[in-house]
Amino acid sequence: MTHFKRLALASAMTLGMFGCAAPAQSQCAGTVSLQILGSGGPVAEGHRAGTSAIVWVDGKAALLVDAGSGAFVRYGESGAKFTDHQAILITHFHADHVADLDAILNSGGFANRAAPLPIVGPSGDDLFPGIKSHLTALFDEQTGAFRYLSGYLDGRYGLPVLEVTEVDVTNPALQTVFEAEDLKVSAVAVHHGDLPALAYLVESGGKSVIFAGDQSFLSQEFVQVFRNFKPDILVMHNVIPEGDGQPRGLHRWPGSIGEAAAAIQPKKLVLAHNMERALARQEEGEEAIRQSYRGPLEVADDLGCFPL
């Protein structure tokens, strides 16, 4: 009996003795929907979990996009099933985007999933690991922090193999990184200080959502690639307010968000990765966005759903 089967049996016996509430069901409607699991950032501010999202297709959690701090709880509340995932997408390796990846994979070990699980992320550099090195640091059977989950790398212990796609961030072009029946994912490198980072385009059922990821105003290729694309939803961060003294080499300020959105022309702009320093000046920020972008705009909260 494998490690996970023993744990699952013990859990089942405990639940049978004491009972438990039924698992949550997704409240996302529509053939294709976006759900923001975690709408916050790197600072523990109120109720917001770190950045994470799900793309639901025909009622199934097809894609998990990032898994920031606290996303584990929101993941459970969403009703997502690990066996339904077609791929996991990671934009970059700041903790508020990836800290709960190991927790969600640990949970997935109880799901009896047999099919391999594609996972996509950026390449690394001298300062930051790429997706391959990150997973090795977590799960390598000899040196990994969670080496008991090493089956994610080699298929042992009843765990599904992670099929890794590492996206070359030195390539400025839009690159197809995952494709299945009626589901396509493309990635493009973005500028986020000295950290290798990606934005993603997800297309399904004639609908599309762009996850801009964390990016600065220097992400010129991102805007050029998606100019006049008109996605159903563009997800952008809401991290810094207008004015001097902000980390503009890491993040777009509201006026820059508006300029990017005006060029891309989404049917709806969704602001996620919300930090208090931006929310405290939200009215001012939205006025700055509206200088360029005049379409629908919504500030996401945890577990918020957006049908495409």
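Conventions we followed
Residues numbered from 1 in each chain as written. Predicted model: local features only at pLDDT ≥ 70, side-chain atom pairs only at ≥ 80, totals over all residues. Heavy atoms only, no water. Core = buried A, V, L, I, M, F, W, Y, C linked by side-chain atoms within 4.5 Å. Buried < 20%, exposed > 50% of the residue type's maximum accessible area, 1.4 Å probe, protein only. Contact = heavy atoms within 4.5 Å. Axes fitted to C-alpha atoms, helices over the stretch in contact; angles between N-to-C directions. Helix = DSSP H or I, 4+ residues; strand = E, 2+ residues; numbered from the N terminus. Left-handed = near helix turned anticlockwise from the far one by under 90°. Nonpolar A, V, L, I, M, F, W, Y, C, P; charged D, E, K, R; others polar. Disulfide = S-S within 2.5 Å. Pairing = 2+ DSSP bridges. Phe/Tyr/Trp six-rings, centres within 6.5 Å; stacked < 30°, edge-to-face > 60°.

Peer 1: Any chance you could explain the nonpolar core here in plain terms?
Peer 2: Soluble globular proteins tend to pack their nonpolar side chains together in the buried interior. Among the nonpolar cores identified, the biggest contains 30 residues, and Leu34 and Phe211 are the most heavily contacted of them. Leu34 has contacts with Cys28, Ala53, Ile54, Val209, Phe211, Ile233, Val235, Gly304, Cys305, Phe306 and Leu308, leaving out every residue within four places of it along the chain. Cys28, Ile88, Leu149 and Leu162 belong to the second largest nonpolar core, which has 27 residues in total.

Peer 1: I keep staring at the packing of helix H8 (residues 254–264) against helix H10 (residues 282–289) and nothing clicks. Help me out?
Peer 2: For any two helices packed against each other, one specifies the crossing angle of their axes together with the interaxial distance. It is the contact of H8 with H10, at a shortest axis distance of 7 Å, that shows an interaxial angle of 35 degrees. Remark: the crossing between H8 and H10 carries right-handed chirality. On the side of H8, the interface is formed by Pro254, Gly255, Ile257 and Gly258, while H10 contributes Gly285, Ala288 and Ile289. Split into classes, the residues belonging to the contact of H8 with H10 amount to 4 nonpolar, 3 polar and no charged.

Peer 1: What should I look at first to understand the state of the cysteines in this one?
Peer 2: Per the counting criterion, the structure on display carries 1 disulfide. Note on cysteine connectivity: Cys28 is disulfide-linked to Cys305, with sulfurs 2.1 Å apart. The sign of the S-S torsion, about -90 degrees, decides the handedness of the disulfide formed by Cys28 and Cys305: left-handed. A residue pair is termed long-range when its members are at least 10 positions apart, and Cys28 in the loop between helix H1 (3–18) and strand E1 (32–38) and Cys305 in strand E14 (residues 304–307) qualify at 277 residues.

Peer 1: Just checking my understanding: could you explain the sheet that holds strand E7 (residues 175–180) for this structure?
Peer 2: Note: strands within a sheet are paired through backbone hydrogen bonds, in either parallel or antiparallel orientation. Taken in spatial order, the 7 strands make up an open sheet running E7-E8-E9-E10-E11-E12-E13, and their pairing is mixed. Edge positions in the sheet fall to E7 and strand E13 (297–299), since each has one partner strand and no second. Each neighbouring strand pair of the sheet contributes to a mean axis angle of 25 degrees, computed without reference to strand direction. When strand E11 (residues 233–238) meets strand E12 (residues 269–274), the two strands line up parallel, connected through 5 bridges. Bridging across to E12, Val235 finds its partner in Val270. Packing of H8 onto the sheet brings it into contact with strand E10 (207–211), E11 and E12, and relative to E11 it is tilted by some 170 degrees. The sheet strands contacting H10 are E11, E12 and E13, and the helix crosses E13 at an angle near 155 degrees.

Peer 1: What should I look at first to understand the packing of aromatic side chains in this one?
Peer 2: Each aromatic ring pair is described using two quantities: the centre-to-centre distance and the angle formed by the ring planes. What the rule picks out here adds up to 4 aromatic pairs. Here Phe217 and Trp253 contribute two aromatic rings whose centre-to-centre distance is 5.4 Å and whose plane-to-plane angle is 55 degrees, an arrangement assigned as tilted. Of the two residues, Phe217 sits in the loop between E10 and helix H7 (220–226) while Trp253 sits in the loop between E11 and H8, which places them 36 residues apart along the sequence. The buried category is assigned to Trp253, whose relative accessible area is 15%. For the ring pair Phe226 and Phe229, a centre distance of 5.7 Å and an interplane angle of 85 degrees mean the geometry is edge-to-face. Here Phe226 falls in the buried class, since its relative accessible area comes to 0%. Overall, the relative accessible area of 31% leaves Phe229 in the partly exposed class.

Peer 1: Please explain the sheet that holds E14 as it appears in this structure.
Peer 2: On the basis of which strands lie adjacent, the open sheet formed by 7 strands has the order E6-E5-E4-E3-E2-E1-E14 and mixed pairing. Looking at which strands have only one partner, the edges of the open sheet turn out to be strand E6 (162–167) and E14. Across the sheet, the mean angle from the axis of one strand to that of its neighbour is 20 degrees, orientation sign disregarded. Bridge count between strand E2 (residues 52–57) and strand E3 (residues 60–67): 6 bridges; the pairing is antiparallel. Its bridge partner lying in E3, Val55 is registered against Leu63.

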